[in-house]
Structure formats: C-alpha cells, structure tokens
Amino acid sequence: IKVAESLLKLKQSDGQLALVGDIQLDTLSANLDGKWLRLAWPLTDSEPEFSAPSGELHFSGTPEAFDLSLSTQLDGHLLEPLDAKLTLGRQDQTIALNAITLKALESDTQLSATGNLDLDSQTVSMEGSWAHLNWPMTGQAQYDWEASAYQPVAGPSKSSAIRNSA
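Everything numeric in this text was worked out from a predicted model, so none of it was measured.

## Re the pairing of strand 1 (residues 2-9)
Of the pairings in the sheet, the one linking strand 1 to strand 2 (residues 16-24) comprises six bridges and is antiparallel in character. The partner of valine 3 across the bridge, within strand 2, is glycine 21. Hairpin connection, strand 1 to strand 2: the antiparallel pair is bridged by six residues.

## Focus on the layout of surface pockets
Where empty space is left becomes clear once a probe the size of a water molecule has been rolled over the atoms. The computed volume of the largest pocket comes to approximately 220 Å³. The set of elements that each furnish at least two residues to the lining of the largest pocket consists of strand 3 (29-41), strand 4 (50-61), strand 5 (65-76), strand 6 (82-91) and strand 7 (94-104). The class makeup of the residues in the lining of the largest pocket is twelve nonpolar, three polar and one charged.

## Side note on the side chain of glutamate 80
Tracing the backbone through its elements, the reader meets glutamate 80 in the loop between strand 5 and strand 6. It turns out glutamate 80 is buried and unbridged, and the closest side chain with the opposite charge, lysine 103, is 9.5 Å from it. A distance of 2.9 Å separates polar atoms of two side chains, one belonging to glutamate 80 and the other to serine 107. Leaving out residues up to four positions away in the same chain, glutamate 80 has contacts with Leu74, Asp75, Ala104, Glu106, Ser107, Thr109, Met137 and Thr138.

## Description of the confidence of the model for the chain
When pLDDT is averaged along the chain, the result is 86, and 90% of the positions lie at 70 or above. Of all secondary-structure elements in the chain, the lowest mean pLDDT belongs to strand 12 (residues 160-161), at 38, while strand 6 reaches the highest, 96. Segment residues 155-166 is flagged for pLDDT under 50; beyond a separation of four residues in sequence, or across chains, it makes 25 contacts in the model.

## Focus: the pattern of salt bridges
Close approach of charged atoms allows side chains of opposite charge to pair. What the rule picks out here adds up to three salt bridges. We note a salt bridge from arginine 38 to aspartate 14, for which the minimum N-O separation is 3.0 Å. Taken together, the residues span a long stretch of sequence, with arginine 38 in strand 3 and aspartate 14 in the loop between strand 1 and strand 2 at a distance of 24 residues. For arginine 38, a relative accessible area of 36% gives the class partly exposed.

## So, unusual backbone geometry
In this model, tryptophan 41 is joined to proline 42 through a cis peptide bond whose omega is -5 degrees. One can find proline 42 in the loop between strand 3 and strand 4. With omega at -10 degrees, the peptide bond leading from tryptophan 135 into proline 136 counts as cis. Along the chain, the position of proline 136 falls in the loop between strand 9 (123-135) and strand 10 (143-150). We note that leucine 28 has phi near 55 degrees; this positive angle belongs to a residue other than glycine. Tracing the sequence through the fold places leucine 28 in the loop between strand 2 and strand 3. A relative accessible area of 57% means that leucine 28 is categorised as exposed. The phi dihedral of glutamine 122 falls on the positive side, at around 55 degrees, and the residue is not glycine. Residue placement: glutamine 122 occurs in the loop between strand 8 (110-118) and strand 9.

The rules behind each value
- Residues numbered from 1 in each chain as written.
- Predicted model: local features only at pLDDT ≥ 70, side-chain atom pairs only at ≥ 80, totals over all residues.
- Heavy atoms only, no water.
- Pairing = 2+ DSSP bridges.
- Helix = DSSP H or I, 4+ residues; strand = E, 2+ residues; numbered from the N terminus.
- 1 Å grid on protein atoms, 1.4 Å probe; cavity = no way out; pocket = protein on both sides within 12 Å on 5 of 7 lines; lining within 4 Å.
- Points joined across faces, edges and corners; volume = space filled by probe spheres on them.
- Nonpolar A, V, L, I, M, F, W, Y, C, P; charged D, E, K, R; others polar.
- Buried < 20%, exposed > 50% of the residue type's maximum accessible area, 1.4 Å probe, protein only.
- Lys, Arg positive; Asp, Glu negative; His and termini not counted.
- Salt bridge = Lys/Arg side-chain N within 4 Å of Asp/Glu carboxyl O.
- Polar contact = N/O pair within 3.5 Å; in protein donor to acceptor, adjacent residues only side chain to side chain.
- Contact = heavy atoms within 4.5 Å.
- pLDDT = per-residue confidence, 0-100.

Quick look at the structure:
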C-alpha cells in the first residue's frame, strides 16, 4: 500500500499527524515518515500534562525488526521547553535505545541516555549523563542535580540499582 499522505486528526483537540510512505500487509513491514502538530497528553479536553507543538518521525521495518526515530519539542506543567530526540530499534528480542537526548531551550539542562531492553530475560541496561537537572523544571525545584552519569540495572524483579559515577 502506498501512503501518499494520510492525515489523522484528533477529535478532542486540534492535533494532527500526517504520514507518507509504504506499507506491506503480507509482511507487516512499513517505511513511514510522519510530521505532527499540536499533540498533547492526555488526549482529552482537559489541560494537557505534556505537549509537543510539532515533531517528526521515521519508522522502517516490521514489528520484530525495526528502526524508529522521533524529533520534537516538549513542554508541560513541570517541564521547561525541551528539544527531544529519540532513536531506537528492535532486532529479535532486543529493543535498543540507541539515543535519547533532552536539551532545554531556556537553560543549561540536558540529559542523554542509551540502553537495551531484553524481552526474553526482561532485563534493562542503560547508561547516560545529565547536567543541570532540576525537578520539577518549572517553579521551585524539589531536586537539583548539577552533573552526573549513571548506569542503572534492572531485572525481572523490577528493582534497580543506580551507580553514580560522578
């Protein structure tokens, strides 16, 4: 199926997602590019917790083996405006978070991470770093981390250990 342009509009808001690309129904594979405007969460008429005024995505592959990339700006009640980029992929039973980066537009806040999720063993391994991270990002900060790096590890017990390397 050739998707010349498909425009999805949300009833609850004026958000929309436009997609172009190819979909193969026999193999469940797709190669799609998308752009969105005015997406927010939750998708109700209430005040959104998070919003993404615009963004782009690319998906290529099947449910078992794919590459996905997203690029957007994020904002919300507890967030200052952020540039956000995500690339991940799946190969067999491993989902690889190739990169996630968050960079504040109005401060020095930034965060980056990479990692893997093993679906067979239900384990997660990640590593990353941050600078000037406050929470919440707006108003009076309850938590303030100047700079650090981390390598959390979690297993089927859903517990985790964080090793702070700074």
